[in-house]
Amino acid sequence: MSDVKHAVVAVTGVTGALGGRVAPRLAGRGVPLLLVGRRPERMPELPGARRRGPAAYGDAAAMRATLAGASTLVLVSGHRTGRRLEEHATAVEAAVEVGVERVLYVSLVGASPVATYINARDQWATEQFLAGSGIRHTVLRAGIYTSTPASLADDAFVVSGPARTGRAAFVTHEDIADVITAVALDDGPRSSYDGSVLEITGPEALTLGESVARIAAATGRPYRFVSETLEEAFARRWRAGMSGEQIETWISWYQAIERDEVSVVTDVVSRLAGRPATPVSHAAWWPAPNTARGIPGPGN
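Residues numbered from 1 in each chain as written. Predicted model: local features only at pLDDT ≥ 70, side-chain atom pairs only at ≥ 80, totals over all residues. Heavy atoms only, no water.

### A short note on the nonpolar core
For step 1, the next point in the chain: Among the nonpolar cores identified, the biggest contains 56 residues, and Val-11, Leu-26 and Leu-33 are the most heavily contacted of them.
For step 2, the next point in the chain: With 7 residues, helix H6 (residues 173-185) is the single largest residue contributor to this core. (Core = buried A, V, L, I, M, F, W, Y, C linked by side-chain atoms within 4.5 Å. Buried < 20%, exposed > 50% of the residue type's maximum accessible area, 1.4 Å probe, protein only. Helix = DSSP H or I, 4+ residues; strand = E, 2+ residues; numbered from the N terminus.)

Put into structure tokens, the structure is as follows:
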């Protein structure tokens, strides 16, 4: 463990797949942590970490109480609620009010006011709020998780959606967590990453068919991808009892891939983690079928 003294880092989303990987990495480097969330009893016990909460992003008083004493805030995007920008903004304002010096915000590759993937529009809006807030910040745009296609499979290991030729640079949770950790550790009065937008991607852009085929080879399970028309995709999800909002978000995720809006490949992982980005076939874990949340993708 390093003897370097680090400022206190507050980490959100520690009961989830991403924050739950970032916090142990920072604790292992001797960084004092504040673990922030709505369910403190579910948070991990880590050396040098204090569990804070319950605190939801939209609860200004609770966020001020939980963030007091932190220098850096790792803000993992919240779930889509219809008020996600307002909730993120409340969390950032609370951080500013209690003296947090910088925010590391986990956004999405493809974030844009006109992004096809609906969740990416909320992320862009939060990025703009941060840019105008005056606080030091770094935007970490995560690519589509390598694990997502496996979690979308049905019980027969079939992944179906309206995408055929479009590509995505699928990236593992571990690679994203390593990049976030590297940026958090650069915690001097000024960071070389201040004001940066870092797009964290896998090593190559694959179609969903190619990605699913590699998952099948890696796991020995009969995963396969079936392309659907938009009409077929809508009808199947409607019969499954999804709401119109859920269907729209699901389909927009596939269509963002089909339109190559998440196909960018960068060297961010190799530069910051000091090793090549992890290919799909070498991912550390695979979720079971039918385990995707109601809306797919980082920050869902």
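### Concerning the pattern of salt bridges
For step 1, the next point in the chain: Counted under the stated rule, the structure contains 18 salt bridges.
For step 2, the next point in the chain: Residue Arg-21 pairs with Glu-174 through a salt bridge whose shortest N-O separation is 2.9 Å. Linking Arg-21 in helix H1 (residues 19-28) with Glu-174 in helix H6, this pair joins segments that are 153 residues apart in sequence. As far as burial versus exposure is concerned, Arg-21 and Glu-174 are alike and both buried.
For step 3, the next point in the chain: Beyond isolated ion pairs, a larger network of salt bridges with shared partners links Arg-25, Asp-175, Asp-178 and Arg-275. (Salt bridge = Lys/Arg side-chain N within 4 Å of Asp/Glu carboxyl O.)

### Structural notes on the environment of Glu-199
For step 1, the next point in the chain: By the secondary structure assignment, Glu-199 is in strand E8 (residues 197-200).
For step 2, the next point in the chain: In sequence terms Glu-199 and Ala-115 are 84 residues apart; their C-alpha atoms lie 15 Å from each other.
For step 3, the next point in the chain: Every residue in contact with Glu-199, bar those within four places of it in the chain, is listed here: Val-109, Gly-110, Arg-141, Val-264, Thr-266 and Val-268.
For step 4, the next point in the chain: A distance of 3.4 Å separates the side chain of Glu-199 from the side chain of Arg-141, its partner in a polar contact. (Contact = heavy atoms within 4.5 Å. Polar contact = N/O pair within 3.5 Å; in protein donor to acceptor, adjacent residues only side chain to side chain.)

### A closer look at the sheet that holds strand E1 (residues 9-12)
For step 1, the next point in the chain: On the basis of which strands lie adjacent, the open sheet formed by 7 strands has the order E3-E2-E1-E4-E5-E6-E8 and parallel pairing. Of all the strands in the sheet, the pair left with one neighbour each is strand E3 (49-52) and E8. Taken pair by pair, the neighbouring strands of this sheet meet at an average axis angle of 20°, ignoring direction.
For step 2, the next point in the chain: The sheet contact formed by E1 and strand E4 (residues 72-76) spans 3 bridges and is parallel. Across the sheet, residue Ala-10 finds its bridge partner in E4, namely Leu-73.
For step 3, the next point in the chain: Against the sheet, H6 contacts E4, strand E5 (102-108), strand E6 (136-142) and E8, and its axis sits at roughly 160° relative to E5. (Pairing = 2+ DSSP bridges. Axes fitted to C-alpha atoms, helices over the stretch in contact; angles between N-to-C directions.)

### Some thoughts on unusual backbone geometry
For step 1, the next point in the chain: Cis peptide bonds are those with omega within 30 degrees of zero, and the linkage from Gly-53 to Pro-54 qualifies with 5°.
For step 2, the next point in the chain: Here Pro-54 lies in the loop between E3 and helix H2 (60-67).
For step 3, the next point in the chain: Residues other than glycine seldom take positive phi values, yet Phe-157 does so here, at roughly 65°.
For step 4, the next point in the chain: Overall, Phe-157 belongs to the buried group, its relative accessible area being 18%.
For step 5, the next point in the chain: Positive phi is not limited to glycine here, since Asp-260 has a value of about 60°.
For step 6, the next point in the chain: Relative to the helices and strands, Asp-260 resides in the loop between helix H9 (244-258) and helix H10 (268-273).

### Digging into the side chain of Thr-278
For step 1, the next point in the chain: Among the structural elements, Thr-278 can be located in the segment after H10.
For step 2, the next point in the chain: Looking at Thr-278, the relative accessible area reads 15%, which means it is buried.
For step 3, the next point in the chain: Setting aside anything within four residues of it in sequence, one finds Thr-278 in contact with Thr-172, Asp-175, Pro-203 and Ala-283.

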